[in-house]
Each structure stands twice: as C-alpha cells, then as structure tokens.
Amino acid sequence: MERILTSELAAHVGEHVMLRGWLQRERRLSRVAFLVLRDRAGTAQIVLDEETTLAPESVLEVTGSVVENAQAPHGVEIRASTVTALAAPSEPLPLELHRPEPREALPTRLDNAALALRHPAVRERFRLAARAVDAFRSRLRELGFTEIHTPKIVATATEGGANVFRLDYFGRDAYLAQSPQFYKQTMVGVFERVFETGPVFRAEPHDTGRHLAEYVSLDAELGFIDDHRDVMAVVETCVSSMLAAAGLEPPGLIPVVRFEDVRTGSEPDLAPDDERRICRQHGELVFVEGYPTAKRPFYTHPDPDRPQWSRSFDLLYRGVEIVTGGQRLHRYPDYVAELATREIDASPFSGYLDAFRWGMPPHGGFALGLERFTAQVLGATNVRETTLFPRDRTRLSP
Ligand code: AMO
C-alpha cells in the first residue's frame, strides 16, 4: 500500500489507506483511543479500539479506513486496523507539542530545538520564511537579476570592524563575512543585476530581541541607476511579493520620510524608540532616506548637493528596521578619497577597488534580514522565534 498524507485523507473516504508520521497526542475515552498523527502536511485523527502504550513522538505507520466525522479535523478520521511503531523516543519529552501555541519559555524551546521546531505552529513560521525567500528570488529573476554565491570567509570587514568575527585561516587572519557587500557590487560589473541569499555573521555584543550573531541576508545590487530611489523601487516590489507570499495584503506605495525630519533632536542615528514612533506616525512600512553620510559605511554615495547627507535609506516595518540600502560610490578616485578622509588604510581593499579601477556604472542595492522580516510579519517580539538555531553571545548549540 502506498503512503498518503494527512492532507489527502478527505479524497479517500471509504478507502483503506496508510499514513506515516509522529504521534503528537493520545487521548483515551473509556474503550477508545484517539491518536493525533502528524506528518509534513498536517495532522489527522486516528481512532483505535484499544489503548496504546505509545509515547508521544513515537514514529508510526497506521493503516485503516477513512470515515467521515464532522467533529474530526478536516471532517475525516481513520479507523485504524494496524498501528506499527517504526521508532520510539528514548526518554520523556521536555516539551509539549499539542497546544495551539507553545507554552514553554523561549530558552527551553531553544535548548530543545530538535523537538520544539516540530510544533505545527512553529514549523509554519519557517515555511512562511521559505515562501518569502522564494518570492524574493522569483521577483528579482523576473526583473533580470542573476543569483550569485559569494565567499563567507573574507580578508576584510565590509561593514566596519566593530562586530566582525576573526578566524585563523592557515595562520593568517581572516573574517566571517558581515555581508556580501563588496562581492555583490563587484558582480554588478559582470551581470549588472545580482542577488544573493545566504548567511552573514556579526559579532553583536548586544543581547537584544533583534540581533543575531548569524542571520540570513537577502541582498540585491543593480547597476545603471539614477539614484537610491531606483533601489527603493526594487525593495518595494520585493517586499510586496514577500508579504503576498506570507498571505498579507501588499502595501501599495510605501511612504518616504527624510531622516532629518524624523530624527529626535540632532541625534545622528535612529533609536529603536524612534523607529516605533515613525511607524506609528507614517504607517506599517516606511522608508527613511538621507541618513548622515558619516554614519554610513565608506561605500555610501553622498547627496551631491548636500554631501553631509547620503543617498541611503532604511525600510522600517512595524517599528523595526528590516532593510538597509542606498546608492554606492562608483568612481575609483571617489573611493580613494573617501577612504583617506575616513583614515582607513586602502590596501586591504585592493581586490574590491579593482572593480572600480576597471569601470563601474552608478549602482546601488540593499539587504533585508530574513529573521527580522518573518518576526515582524508574525508579530514575534524576539527574532530568535523565527530563527531555527539562533547564534548569539551565549548560544552556539544546538
Ligand atoms: P545592515 O548592516 O544594516 O546593512 O544590515 C541589513 C539588514 O540586515 C538585518 N540585520 C540583522 N538581523 C539580525 N541580526 C543582526 N545582528 C542584524 N544586523 C543586520 C536588518 C538590516 O536592515 N551591506 C548593507 C546592506 C546594503 O546596503 O546593501 C548591510 O549589511 O534587517
């Protein structure tokens, strides 16, 4: 007999079928037992004439006939004829998986991730993330972007040296990539339009609900732009597609405010409180443009008319920054001058600067943090809720 999935049961009423999955729960009522079996597609109710001695999370193969029952999930259940255990847990479970939402505290769930992630509501968060990444990719492909994969072991910091992980590379210093920034810009010289989805690494000293030491960065970069507004248009269409994939209404036109107009006093950056306030005042999704040039990395393009302000932007979503982007410098002498002004030694960057030495068009791009995006979609207050196996100051395993 061929295995079918719990989601396919309704099409098999009256037939004898086989299911395989995990025992999520057993309830006993006088002489009947109700099992909830979970497979990759969902759950099904199995009715048995006898009690079992099966432990939750036992892996089962069940055969039986499919009958209609308005009270059962999806209106069908299985009257079991055989229940075979393919595997059984070797110790009692540290968590419960049968409640609509997990009840255990986050640290307990993270410590027991191999089990906690099986919770149906929890695993759906990661399905949502997978759909969002698919949407990001397909939208960009439609727009003529080529997918690339760039090194994660790199010779220099890309976003400033403060939060870079150093490692021993055959006796030399190397770093874990904080972003694919230099390589995605370089690849504009090859493909004009590129994107990458992959892990990036930040030795974040802060223990907050929005910072991870490793996260998934969705990056794009495109050439032949007029200014950062062309990049924002790409962000807008990507985020719309990602929200649609998450089952949310596309936002329409995203409002744009200027950093100068929304900051608190003369602060050079926005604090988390500012980001929440700006979203309260201007909408769920808001672009903030024109951050101070000095506060952005050296590759940032200044506003030619007012160079202290940059052609950069962030996208805030429900009070949290989820995207950073902007126009980049593209002329070699501008890089040399900017690095000198910032008193940064140019020699470690020579491989990157080659791209500009050999001619690069005006270009720009952006990066979106996947875990933050998913957390904001779901209203999770901690980004660890939407990270499979979070890495932070204290957590290196599981
Ligand atoms: P930035 O450093 O602002 O920009 O990062 C871009 C986006 O990545 C997410 N993010 C994080 N998510 C989880 N944990 C962290 N520690 C963390 N740090 C950042 C956020 C943020 O908006 N190279 C530029 C992008 C560009 O200009 O193309 C960059 O990396 O969602």
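Residues numbered from 1 in each chain as written. Predicted model: local features only at pLDDT ≥ 70, side-chain atom pairs only at ≥ 80, totals over all residues. Heavy atoms only, no water.

Our focus in this paragraph is the pairing of strand β10 (residues 193-201). Counting buried residues along β10, seven of its nine residues qualify, which places the element largely inside the surrounding structure. Both strand β6 (residues 146-147) and β10 contribute to a ladder of two bridges, which runs parallel. Its bridge partner lying in β10, Glu147 is registered against Phe195. In this sheet, strand β11 (residues 214-223) lies alongside β10 in antiparallel orientation, the contact comprising nine bridges. (Buried < 20%, exposed > 50% of the residue type's maximum accessible area, 1.4 Å probe, protein only. Helix = DSSP H or I, 4+ residues; strand = E, 2+ residues; numbered from the N terminus. Pairing = 2+ DSSP bridges.)

All right, on to the sheet that holds strand β4 (residues 59-68) then. Spatial ordering of the closed barrel is given by β1-β2-β3-β5-β4, a layout of five strands whose pairing is mixed. Going across the sheet, the axis of each strand differs from the next one's by a mean of 50°, ignoring polarity. (Axes fitted to C-alpha atoms, helices over the stretch in contact; angles between N-to-C directions.)

Around the ligand, a shell composed of 22 residues is seen, among which Gln181, Lys184, Glu321, Thr324 and Arg328 lie nearest. Measuring from a nitrogen atom of the ligand, one finds a side-chain N or O atom of Glu159 at 2.9 Å. One of the side-chain N or O atoms of Tyr299 is found 3.2 Å from a nitrogen atom in the ligand. The fraction of the free accessible surface of the ligand (630 Å²) that becomes covered by protein chains is 94%. Only α4 (181-191), β17 (320-327) and β18 (363-369) provide two or more residues apiece to the shell around the ligand. With five residues, β17 is the single largest residue contributor to the shell around the ligand. Residues belonging to the shell around the ligand are distributed by class as follows: seven nonpolar, seven polar and eight charged. (Near = heavy atom within 4 Å. Polar contact = N/O pair within 3.5 Å; in protein donor to acceptor, adjacent residues only side chain to side chain. Areas by Shrake-Rupley, 256 points an atom, 1.4 Å probe, with all protein chains shown as cover. Nonpolar A, V, L, I, M, F, W, Y, C, P; charged D, E, K, R; others polar.)

Time to look at the nonpolar core. Looking at soluble globular proteins, one finds that nonpolar side chains tend to be buried together. Residues Leu315 and Phe366 are the most contacted members of the largest nonpolar core, which totals 35 residues. At the level of secondary structure, the elements contributing two or more residues to this core comprise α3 (120-142), β11, α5 (228-245), β13 (285-289), β16 (312-317), β17, β18 and α10 (370-378). Here the element with the most residues in this core is α5; it accounts for eight residues. Ignoring any residue separated from it by four or fewer positions in sequence, one finds Leu315 in contact with Val235, Val239, Ile254, Leu285, Val286, Phe287, Val320, Glu321, Ile322 and Val323. Ranked by size, the runner-up nonpolar core spans 16 residues in total, among them Ile4, Leu19, Leu23 and Val76. (Core = buried A, V, L, I, M, F, W, Y, C linked by side-chain atoms within 4.5 Å. Contact = heavy atoms within 4.5 Å.)

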